[in-house]
Structure formats: C-alpha cells, structure tokens
Amino acid sequence: MVPVTEHDSQSRSFIEEARRTQIVHAAVETIAEVGYHRASMGRIGTRAGISRGLISYHFAGKAELIAQVVTTVYTDAAAFMAPMIAAETTPAGQLRAYLRSNLEYMRAYPARMIALVEILTGGGLSDLPDTDPAAFDRQMLLPLEQLFTAGQESGEFRDFDVTVMARIVRGVIDAVPTALSRDPGLDIDRYLREITTAVDHATRPVPSTTEEP
C-alpha cells in the first residue's frame, strides 16, 4: 500500500473544495434559470458536467447544497458591500451606500441574486434542517434597523418604525432580481436612482413649519 502523504491529503482537499465550488456555481445557475423547485440534483449535475452520484459524494442531499448556496451568496455579498458602507461616516451616507452596494452586487452577479430570491420566495429556507426562517428574517432586517436608529438619534432621519421601514427597503431591493430575471438588460442605474430617491424621501426629516402670527 502506498502511504498517503500530507501533500497528497492537501491536494485532495483542494480538489474537493474546487469540486464543491463547481457544484455550488452550477446550482446557482440552474436555480436562476429554471427556479428553485425545478432545480433537481440531476439538472444541477448536468450543468456541472458531473453525475448526480458525484454531487452526493460532496453534499448529503439537496438541502445541504442549497444551504451552501445561501451561505456562499450572503458571505460574498457581505464582503462586496462592507467596504462601500464602511467608507461612509454618516447614517444617511451609509444608507445610500447600502442601497448602491446591493444593486452593484446584483449587476456584477445577477445569477446569484436571482437564485437567492428564488430560494427565499420558493420556501427553500423551510426545507433546510436547523434553519429558522423567522430568525433568518430578523437577521436580514437588523443592519437596517440599527442604521435607521442611529440616523434618528443623529437627527438625519425622521421618526418612524425602524422595523417597518427596514422591511420596506428590503422588499424594494429584493424585487430587483425578479425584474432582472425577466429582463436581463434591466437598467440597474435607473433602478438605483429611483430607489435611492424614494428611500431618501421616506426617511428624511420632515421640515418644521411655523405659523405666522
């Protein structure tokens, strides 16, 4: 028997990670094209150019694969968005950067965002073991809630319910991938302009009015 060296083990690990990445990419492309429910392991394997059995070697089942897709997209999106948001020093500036970075990520990686919305709207989170959709929802809203609270405390935003506003903003952002799936030539710049203007009007302080004597 030939002994397995540390180099062999590391090489195999690298190859396995590369294969997992390939499968996740194929899953994203398949879900974006045919939808969450129609994205079978067989279809994903065909897209990746590998057998369904090889997918099963790397992922225990579709639920584990979908969980990895969600994790990958959110991790990559956060890394993409964070520098843009951190570069701003005010809540109002950070809100504009939050909107811009979301849509710029969609422009750069449309299939990822289309697939993610397909998973979320298709009940994909409920299919994942040990995943609480309500907790996931709270996690999605929390950064915006904190940003809105800071803006209200600094006087940059008017008084409003931060959870309701966070849900409104996320709803507007999450509608863009659906539009993008129907129109690959979607004008992202126009959407960004209109969304930013609408959110600015919704959150800015109301000018005080003084009655004339």
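Remember, it's a predicted structure, so these values are computed and weren't measured experimentally.

Participant: What is the right way to look at the environment of serine 40 in this model?
Facilitator: With respect to the helices and strands, the residue serine 40 is situated in the loop between α1 (6–34) and α2 (41–48). Looking at serine 40, the relative accessible area reads 32%, which means it is partly exposed. Between the C-alpha atom of serine 40 and that of aspartate 132, which follows or precedes it by 92 residues, the distance is 23 Å. A polar atom in the side chain of serine 40 sits 3.1 Å from the backbone nitrogen of arginine 43.

Participant: It is not clear to me how the pattern of salt bridges should be interpreted in this structure. Could you clarify?
Facilitator: When the charged atoms of two side chains lie near each other, side chains of opposite charge can form a pair. Taken as a whole, this structure holds 8 salt bridges when the rule is applied. As a salt-bridge pair, glutamate 104 and arginine 107 come within 2.9 Å of each other at their nearest N and O atoms. On the criterion of helical spacing, the pair formed by glutamate 104 and arginine 107 is a turn pair, its members being 3 residues apart in helix α5 (residues 91–108). Judged by relative accessible area, glutamate 104 falls into the partly exposed class, the value being 23%. For arginine 138, the salt bridge goes to glutamate 145, with nearest N and O atoms at 3.1 Å. Taken together, the shared-partner salt bridges in this structure form one network comprising Glu104, Arg107 and Asp189.

Participant: For this particular structure, what's the right way to read the environment of valine 34?
Facilitator: One can find valine 34 in helix α1. A relative accessible area of 17% means that valine 34 is categorised as buried. Measuring from C-alpha to C-alpha, the distance between valine 34 and arginine 20 comes to 21 Å, with 14 residues separating the pair along the chain.

Rules used throughout
- Residues numbered from 1 in each chain as written.
- Predicted model: local features only at pLDDT ≥ 70, side-chain atom pairs only at ≥ 80, totals over all residues.
- Heavy atoms only, no water.
- Helix = DSSP H or I, 4+ residues; strand = E, 2+ residues; numbered from the N terminus.
- Buried < 20%, exposed > 50% of the residue type's maximum accessible area, 1.4 Å probe, protein only.
- Polar contact = N/O pair within 3.5 Å; in protein donor to acceptor, adjacent residues only side chain to side chain.
- Salt bridge = Lys/Arg side-chain N within 4 Å of Asp/Glu carboxyl O.

These results come straight from atomic positions and should not be treated as a statement about function.
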